[in-house]
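Examining the three-dimensional arrangement
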Amino acid sequence: MSGSAAVATTVFGLAMVATLVIGVLSARGRDKGLAEWSVSSRGLGVLFIWLLMAGESYTSFSFLGTAGWSYSYGVPILYLVAYLTVGFAVGYVVGPALWTYASRHRLLSIADIAEHRFRSRPVGILVAVTATVFIVPYVQVQIQGMGVVVNAMTYGSVDLRVAAVVSFVVAEAFVLVSGLRGSAWVSVLKDVLVIVAVVFLAVWIPLHYLDGPGDLLDRLVREKPEWLTFPGHDSGGMDGTWFVSTLLLNAVTISIFPTTVAGYLSARSPNALRRNALLLPWYQLLLFIPMMVGAVALFALPGLGNPDLALFRLVTDSLPAPVVAVIGVAGALSAIVPMSVFMLAIGTLCGRTLLGGGNGSDPRWPRRAEGPAGGAADVRAKRLSQLVCFLAGLLALGGALFYPNTLVQLSVLSYEGLAQLVPLALLSLFWRRMTAVAGVAGMLVGLAVVVGLWATDNDPLCGVNGGVVGLVANLAVTCAVNAFRAPGGSGGPGGSGAAARTSRTGAATGPVGTGDGDEGPPRAAPSA
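Residues numbered from 1 in each chain as written. Predicted model: local features only at pLDDT ≥ 70, side-chain atom pairs only at ≥ 80, totals over all residues. Heavy atoms only, no water.

1. Regarding the packing of aromatic side chains
What counts is decided by this rule: Stacked, edge-to-face and tilted are the three classes for Phe, Tyr and Trp ring pairs, Trp counted by its six-membered ring, which pair at centre distances within 6.5 Å; planes under 30 degrees apart are stacked, over 60 edge-to-face, the rest tilted. Helix and strand definitions here come from DSSP, where helices need a minimum of 4 consecutive H or I residues and strands a minimum of 2 consecutive E residues; each element is numbered from the N-terminal end. Three labels apply to residues, based on accessible area from a 1.4 Å probe with only protein chains included: buried if under 20% of the type maximum, exposed if over 50%, partly exposed otherwise in between. Any Lys NZ or Arg CZ found within 6 Å of a ring centre and within 35 degrees of that ring's normal is scored as a charge over the ring.
Within the structure shown, the criterion is met by 16 aromatic pairs. Taking the centre distance of 5.8 Å and the plane angle of 20° together, the rings of Tyr-79 and Tyr-83 count as stacked. With Tyr-79 and Tyr-83 both in helix α6 (residues 79-105), this residue pair falls four residues apart, about one helical turn. Given the relative accessible area of 6%, Tyr-83 is considered buried. Taken together, the ring pairs connect Trp-69, Tyr-73, Tyr-79, Tyr-83, Tyr-138, Trp-242, Phe-257, Phe-342 and Tyr-415 into an aromatic cluster. Lying across the ring of Phe-118, Arg-117 places its NZ or CZ 4.5 Å from the centre.

Here it is as structure tokens:
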């Protein structure tokens, strides 16, 4: 092992130890219940919510894929900044609404919310399974992204598979012990390193390889103009129509992404979420820096075989090993933090809803998973959630080690598939007369359309993101089925009768009530 590789590997090892210590110690003095593990007992303030949700948006893709897309296609990569920023505007309204509803009824996930809204555990199970199917590929993507980052930062001395195993062990170790609070505390270390690293790169890369940002723009205009206009360079049809449709779809979808909802429900109050929604778009300015680095690589590394390595090739070729190591650790933590939140979300979805008996809102099913923090039922639900969290991570790790292209291919469907939950899990809270049958029928049709377009290589369809086509079909079927079933007013749990009962008892008034979220006992501020 060369001296540079030894330095980088040592720094990486120390950083992983520090990550474990921070994550595990964050749980000291906290209760051991499921609510604390999954949503930090709804006690995180503005700063921790900001760090946690920023950590989810700045992943290993931000270091690898953003620079790679900029290098390969050019302007289509701007969709990333656009949809995240618009999504936070949507979250300004949606986040407090979901928090109010979930806090009032002690709900812990998007599946919990759907189950309670329709008084139907089968609906909750369907939402939990669907969300899990479309989240697992994201976990594998982060594991493989971690492997690429660590392999590059250590000059090839740490194998991709070894790095994948390390990322799995580190993330599982602290998330199983500390839950969402551990992810929030590790986000502090991660975001400090990310901000320092990318600000440094914004200055260093253009000056080292070119004559600064001005020279980069001049050369792009003169030599690579197709990278600056839609549909970009050899992008496969990602034109203006694709850009707008993808922006709108992803902006709405991210507001009900299971990991985003976990962030919502961990907040101390709705006002913390509103302030967070105002602050988060500023964090997206950092995404322009990997885009710029990818553009520099067009001139510094022409003919690069793997565009996703553009940023780290420039870094390792131009900087000393200690600096490379710090930037690499920032990239590695950008995989570990979202990976841990994804696994925790899967654990909460399936451990509580699928295996733990749900939240007890369906009168046809016995109430088994509720109970006071530390009670037998609560401990059982938490252990089941932790088990599912571990198994989901193990599945993703196995895919990364033995089938690196299988689940990753499905990751392109993740946002489009999760978008089909929007009517059932979000719109239904505002549309009181939506029935469970209508919502489920619409979701299944939407999923069939999305998968069909993807399987037949027709996504995008006439330039429109396939997820939008599926969501339109979803809404059309939901409205049509609801029109035939709603007037009857019966239909049992989950039918229009359930919606009517919900309205009379006030169980569904959170999003459409005052929205101030001040109900319930006061909560203590999180300790520093």
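So much for the structure itself; the text now carries on.
2. Considerations on helix α12 (residues 240-253)
Applicable threshold: A helix is expected to span 1.5 Å for every residue after the first. Contact between two residues is taken to exist if any of their heavy atoms lie within 4.5 Å; hydrogens are not considered. For this analysis, a polar contact is any N or O atom pair within 3.5 Å, provided that within protein one partner can donate a hydrogen and the other can accept it, and provided that sequence-adjacent residues contribute only side-chain to side-chain pairs.
The end-to-end C-alpha separation of α12 is 20 Å, in line with the 20 Å expected for 14 residues at 1.5 Å each. Those residues of α12 that sit buried are Trp-242, Phe-243, Ser-245, Thr-246, Leu-247, Leu-249, Asn-250, Ala-251 and Thr-253. Close packing links the buried residues of α12 with α5 (65-72), α6, α20 (414-419) and α23 (466-485). The backbone nitrogen of Thr-241 lies 3.2 Å from a side-chain oxygen of the residue at the head of α12, namely Asp-239.

3. Topic: the packing of helix α3 (residues 46-57) against helix α14 (residues 270-283)
Note the cut-off: Working convention: axes come from line fits to C-alpha atoms, limited for helices to the stretch in contact. Angles between N-to-C directions cover 0 to 180 degrees. These descriptions rest on fixed angle ranges, namely under 35 degrees for roughly parallel, over 145 for roughly antiparallel, 65 to 115 for roughly perpendicular, and the rest for oblique. Rotating anticlockwise by less than a right angle from the far helix to the near helix defines a left-handed crossing, while the corresponding clockwise rotation defines a right-handed one. Classes in brief: Ala, Val, Leu, Ile, Met, Phe, Trp, Tyr, Cys and Pro nonpolar; Asp, Glu, Lys and Arg charged; the others, Gly included, polar.
Running from N to C, α3 and α14 point in directions that differ by 45°, and their axes come no closer than 9 Å. Considering their axes alone, α3 and α14 lie oblique with respect to each other. In this structure, the crossing between α3 and α14 has a hand that is right-handed. On the side of α3, the interface is formed by Val-46, Ile-49, Trp-50, Met-53, Ala-54 and Ser-57, while α14 contributes Ala-272, Leu-273, Arg-275, Asn-276, Leu-279, Leu-280 and Tyr-283. Looking at the contact of α3 with α14 residue by residue, the class counts come to 10 nonpolar, two polar and one charged.

4. Side note on the pattern of salt bridges
Which entries qualify depends on this criterion: Salt bridges, as used here, are contacts in which a Lys or Arg side-chain nitrogen is within 4 Å of a carboxyl oxygen on Asp or Glu.
Enumeration over the complete set of coordinates arrives at five salt bridges. Linking Lys-190 and Asp-191 is a salt bridge whose minimum nitrogen-to-oxygen distance equals 3.1 Å. Exposure class is identical for Lys-190 and Asp-191. Each is buried. Salt-bridge contacts for Glu-223 lead to Arg-219; the nearest nitrogen and oxygen are separated by 3.1 Å. Residue Glu-223 and its partner Arg-219 are both found in helix α11 (residues 213-223); the two are separated by four residues, about one turn of the helix. Owing to a relative accessible area of 22%, Arg-219 belongs among the partly exposed residues under this scheme. A single salt-bridge network, built from bridges that share partners, covers Arg-219, Arg-222 and Glu-223.

5. A word on the environment of His-116
You can see His-116 is positioned in helix α7 (residues 110-118). Through-space distance from the C-alpha of His-116 to that of Tyr-101 is 9.8 Å; in sequence the pair is 15 residues apart. Of note is the side chain of His-116, whose polar atom sits 2.9 Å from the side chain of Tyr-101.

6. Observations regarding the packing of helix α1 (residues 3-25) against helix α9 (residues 160-178)
Two elements in contact, α1 and α9, have axes whose closest approach is 8 Å; the angle formed by their N-to-C orientations is 15°. Overall, the two elements α1 and α9 adopt an arrangement that is roughly parallel. α9 is crossed by α1, and the crossing has right-handed handedness. Residues Phe-12, Met-16, Thr-19, Leu-20, Gly-23 and Val-24 of α1 form the contact with α9, whose participating residues are Val-166, Val-170, Ala-173, Phe-174, Val-177 and Ser-178. Residues that form the contact of α1 with α9 fall into these classes: nine nonpolar, three polar and no charged.

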